[in-house]
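Structure assessment
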Amino acid sequence: MQDLYAILLAWETICHGATRNPTLLVPAGKTFLLNPIDFTGPCKPSIVTVQIDGNIVASRNLEVFDVFQRERWLSFSNVNELHVYAKGLIDGNGDVWWTACSKTSNCQRPTLLAFFGCHNLIVNGLRTHNSGRNHISINNVHTAVFSNLHLNAPENSHNTDGIDIATSTLVRIEDSNIETGDDCIAINSGVFNLHIDRGGRGYAKNIWFTDITLIDSDNPIIINQLYFAPVDGSTDVKISDVHFNGVRGTTTRDTAINLQCSKTMGCHGIYLNDINITPSRKNPPKSRLTAICTNAHGKAWRTTPAATCLSP
């Protein structure tokens, strides 16, 4: 608990004190053992920096989380112009949660790090290991850049998403490596202008798009495995078991279905079912609608336009 109180006292000082552009420093060579903690704003300074050079480790005492009634281990709430830079490791000790929750269906596991209502947010260099649930939650955030993230958990760790995003706008995730036991990035409702660039290696699988209504969409159904890929078309991201079910609406472009997969990996298990995409009346495409596939394997049923380009 001593580490918790020290961190809380430091946060109160920099968030509500008179220092201009202060920094909360987790010093290199140090390891802080923390119970659940919420860094709450708004803060007085125009910019608040958190520099994590040392390590932060979650308590392995599950009763601590029950006492504080937290669904999150570490969280920042209503802190604008928050800049988080990290060289150290944040370890969620998730294995104690995976073991405990495997014995009961009614078990709430904590998110490792959550950002709520934090606008103009910068997070760079963050390394997280073994979250109890998802590693990062982004909710009600406007304008944020997440870069050089390294989020890691074993493949068999259930529901340890890398990043969950909801009700947020203008969020960019770039130059990051996410290797977890579930979704790399889960996009929930209310997300606009999300950009994901130059990711690392891994896989994307068991992805479902269901009951979607399109209104003058530029790219109704698209998989682009070649985005930012080398000239030879190689890629380190394997895509498989992707389902598009019940996608209906209008498009402004003639390529309504665009499945571009690499020569080295290809995309396997791409399933299109009950798709009905028609030309926009307000801004119609110049040519009739088509489906284009490159190294894409799967099946299509009741699909308009027809996706006969899919290979078995």
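In short, a report on the structure. Keep in mind that what you see is a predicted model, and the values were worked out from it rather than measured.

Criteria and thresholds
- Residues numbered from 1 in each chain as written.
- Predicted model: local features only at pLDDT ≥ 70, side-chain atom pairs only at ≥ 80, totals over all residues.
- Heavy atoms only, no water.
- Helix = DSSP H or I, 4+ residues; strand = E, 2+ residues; numbered from the N terminus.
- Buried < 20%, exposed > 50% of the residue type's maximum accessible area, 1.4 Å probe, protein only.
- Contact = heavy atoms within 4.5 Å.
- Areas by Shrake-Rupley, 256 points an atom, 1.4 Å probe, with all protein chains shown as cover.
- Lys, Arg positive; Asp, Glu negative; His and termini not counted.
- Charge placed at Lys NZ, Arg CZ, Asp CG, Glu CD.
- Pairing = 2+ DSSP bridges.
- Axes fitted to C-alpha atoms, helices over the stretch in contact; angles between N-to-C directions.
- Disulfide = S-S within 2.5 Å.
- Polar contact = N/O pair within 3.5 Å; in protein donor to acceptor, adjacent residues only side chain to side chain.
- Salt bridge = Lys/Arg side-chain N within 4 Å of Asp/Glu carboxyl O.
- Phe/Tyr/Trp six-rings, centres within 6.5 Å; stacked < 30°, edge-to-face > 60°.

All right, on to the overall build of the chain then. When helices and strands are tallied, the chain shows three helices and 26 strands. Taking the principal axes of the C-alpha coordinates as reference, the chain spans close to 65 × 45 × 40 Å. In the chain, buried positions account for 46% of the 312 residues. Partitioning the contacts of the chain with sequence separation of at least 6, the portion at a separation of at least 24 is 74%. Carbon and sulfur atoms provide 50% of the accessible area of the chain, an area that totals close to 15,900 Å². When the 25 basic and 27 acidic side-chain charges of the chain are each reduced to a single mean position, those positions are 5 Å apart.

The next thing to look at is the sheet that holds strand β21 (residues 221-224). In spatial order, the strands read β21-β23-β25; together these three strands make up an open sheet with parallel pairing. The open sheet has two edge strands, β21 and β25 (290-294), and neither has a second partner. In this sheet, adjacent strand axes meet at a mean angle of 15° when their direction is disregarded.

Turning to the state of the cysteines, a few remarks are in order. Taken as a whole, this structure holds four disulfides when the rule is applied. Linked covalently through their sulfurs, Cys101 and Cys107 form a disulfide whose S-S length is 1.9 Å. Measuring the twist about the S-S bond at about -50°, one finds the Cys101-Cys107 disulfide to be left-handed. Take Cys107: its relative accessible area is 26%, and that puts it in the partly exposed class. Disulfide pairing places Cys293 opposite Cys309 at an S-S distance of 1.9 Å. In this pair, Cys293 sits in strand β25 while Cys309 sits in the segment after β26 (296-304), placing the two residues 16 residues apart along the sequence. The exposure class assigned to Cys293 is buried, which follows from its relative accessible area of 16%.

Another point: the side chain of Ser137. Tracing the sequence through the fold places Ser137 in strand β12 (residues 136-139). Judged by its relative accessible area of 18%, Ser137 falls in the buried class. A distance of 2.7 Å separates the side chain of Ser137 from the side chain of Asn134, its partner in a polar contact. Setting aside residues no more than four positions away along its own chain, Ser137 makes contact with Thr111, Leu113, Ala114, Phe115 and Asp164.

On the secondary structure map, Thr251 appears in strand β22 (residues 237-251). For Thr251, the side chain forms a polar contact with the main-chain oxygen of Ser217, separated by 2.8 Å. Engagement of the side chain of Thr251 in a polar contact is seen with the backbone nitrogen of Arg253, the distance being 3.2 Å. Other than its neighbours up to four places away in sequence, Thr251 contacts Asp216, Ser217, Asp218, Pro220, Ala256, Ile277, Thr278, Pro279, Ser280, Asn283, Pro285 and Leu289.

Moving on, we get to the pattern of salt bridges. Summed over the entire model, instances satisfying the criterion amount to two salt bridges. Across the pair Arg60 and Asp95 runs a salt bridge whose closest N-O atoms are separated by 2.9 Å. On the criterion of sequence distance, the pair formed by Arg60 in the loop between β5 (55-58) and α2 (62-68) and Asp95 in helix α3 (residues 95-101) is long-range, its members being 35 residues apart. With a shortest N-O distance of 2.3 Å, Asp274 and Arg248 are connected by a salt bridge. Residue Asp274 is found in strand β24 (residues 267-279), and its partner Arg248 is found in strand β22; the two are separated by 26 residues along the sequence.

In this fold, His243 is placed in strand β22. Distance from His243 to Gly181, taken between C-alpha atoms, is 20 Å for residues 62 residues apart in sequence. Once residues within four sequence positions are removed from consideration, His243 is found in contact with Ile207, Trp208, Phe209 and Tyr271. There is a polar contact of 2.6 Å between the side chain of His243 and the side chain of Asp241.

Further remarks concern the packing of aromatic side chains. Per the stated rule, a full pass over the model turns up eight aromatic pairs. Aromatic pair Phe65 and Trp97: ring centres 5.0 Å apart, planes at 90°, arrangement edge-to-face. Of this pair, Phe65 sits in helix α2 while Trp97 sits in helix α3, placing them 32 residues apart in sequence. An identical accessibility class is assigned to Phe65 and Trp97; each is buried. With a centroid separation of 5.9 Å and 70° between ring planes, the pair formed by Phe115 and Phe146 is classed as edge-to-face. Taken together, the residues span a long stretch of sequence, with Phe115 in strand β9 (residues 111-116) and Phe146 in strand β13 (residues 142-147) at a distance of 31 residues. Accessibility classification places Phe115 together with Phe146 in one group, the buried group. A connected cluster of aromatic rings, assembled from ring pairs, spans Trp11, Phe39, Phe76, Phe115 and Phe146.

Summarising burial for strand β7 (residues 82-86): four of the five residues are buried, a large majority. Pairing geometry for β7 and strand β10 (residues 121-124), over three bridges, is parallel. Bridge pairing in β10 places Tyr85 opposite Asn124.

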